[in-house]
Amino acid sequence: QIPFSHACLGGSLDVETLDGVKRIKVPAGIQSGTRIRLKGLGFPQGGKGMRGDFYVMVQIKVPQTLSAQQKELVEKLGGEGL
């Protein structure tokens, strides 16, 4: 899960993979349900010495409660096409 602000503005995210934690870039404007591919970080493929890809599924975390100031800011953004 990524915060709403990361979805809008982009940023980086630490992801647990088979090889440990990897930092990935999250592009600005990413949508919930988007898959980010980490090439060659998946499971080994049947003794060929190669590995598959690892996919990260993005879910945008929307806050359940907002302060009055946060509500006002979101309402202002809503007029901009959000």
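In what follows, the structure referred to is the one given above.
Presented here is an overview of the structure given in this document. (Residues numbered from 1 in each chain as written. Predicted model: local features only at pLDDT ≥ 70, side-chain atom pairs only at ≥ 80, totals over all residues. Heavy atoms only, no water.)

Points about the overall build of the protein
Now for step 1: Helices and strands together make up the secondary structure of the protein, namely 2 helices and 6 strands.
Now for step 2: If you list the helices and strands of the protein from N to C, you get β-α-β-β-β-β-β-α.
Now for step 3: Taken against the 2.2 N^0.38 rule, which gives 12 Å for 82 residues, the C-alpha radius of gyration of the protein at 17 Å runs more than 25% over that of a compact globule.
Now for step 4: For the protein, the proportion of its 82 residues judged to be buried stands at 20%.
Now for step 5: Summarising the internal contacts of the protein: among those between residues at least 6 apart in sequence, 30% fall at separations of at least 24.
Now for step 6: Roughly 6,300 Å² of accessible area belongs to the protein as shown, and the carbon and sulfur atoms make up 54% of that amount.
Now for step 7: Separation between the mean location of the 11 positive side-chain charges and that of the 7 negative ones in the protein comes to 9 Å. (Helix = DSSP H or I, 4+ residues; strand = E, 2+ residues; numbered from the N terminus. Rg over C-alpha atoms; globule rule 2.2 N^0.38 Å. Buried < 20%, exposed > 50% of the residue type's maximum accessible area, 1.4 Å probe, protein only. Contact = heavy atoms within 4.5 Å. Areas by Shrake-Rupley, 256 points an atom, 1.4 Å probe, with all protein chains shown as cover. Lys, Arg positive; Asp, Glu negative; His and termini not counted. Charge placed at Lys NZ, Arg CZ, Asp CG, Glu CD.)

Considerations on the pattern of salt bridges
Now for step 1: Counting across every chain of the model gives 4 salt bridges.
Now for step 2: With its nearest N and O atoms 3.5 Å apart, the salt bridge here joins Glu72 to Lys76. Taken as a pair, Glu72 and Lys76 lie in helix H2 (residues 68–78) at a separation of 4 residues, close to a single helical turn.
Now for step 3: On the accessibility criterion, Glu72 (43% relative accessible area) is partly exposed.
Now for step 4: The class of Lys76 is exposed, set by a relative accessible area of 52%. (Salt bridge = Lys/Arg side-chain N within 4 Å of Asp/Glu carboxyl O.)

Examining the nonpolar core
Now for step 1: Ile2, Ala7, Val15, Ile24, Val26, Ile30, Ile36, Leu38, Leu41, Phe54, Val56 and Val58 form the largest nonpolar core, which has 12 residues in total.
Now for step 2: Elements that contribute at least two residues to this core include exactly strand S3 (20–26), strand S4 (35–38) and strand S5 (54–57). (Core = buried A, V, L, I, M, F, W, Y, C linked by side-chain atoms within 4.5 Å.)

Side note on the environment of Thr17
Now for step 1: Take Thr17: it is sitting in strand S2 (residues 11–17).
Now for step 2: Separated by 38 residues in the primary sequence, Thr17 and Tyr55 place their C-alpha atoms 9.4 Å from one another.
Now for step 3: Not counting residues up to four positions away in its chain, the partners in contact with Thr17 are Lys22, Leu38 and Phe54.
Now for step 4: A distance of 3.2 Å separates a polar side-chain atom of Thr17 from the backbone nitrogen of Asp19. (Polar contact = N/O pair within 3.5 Å; in protein donor to acceptor, adjacent residues only side chain to side chain.)

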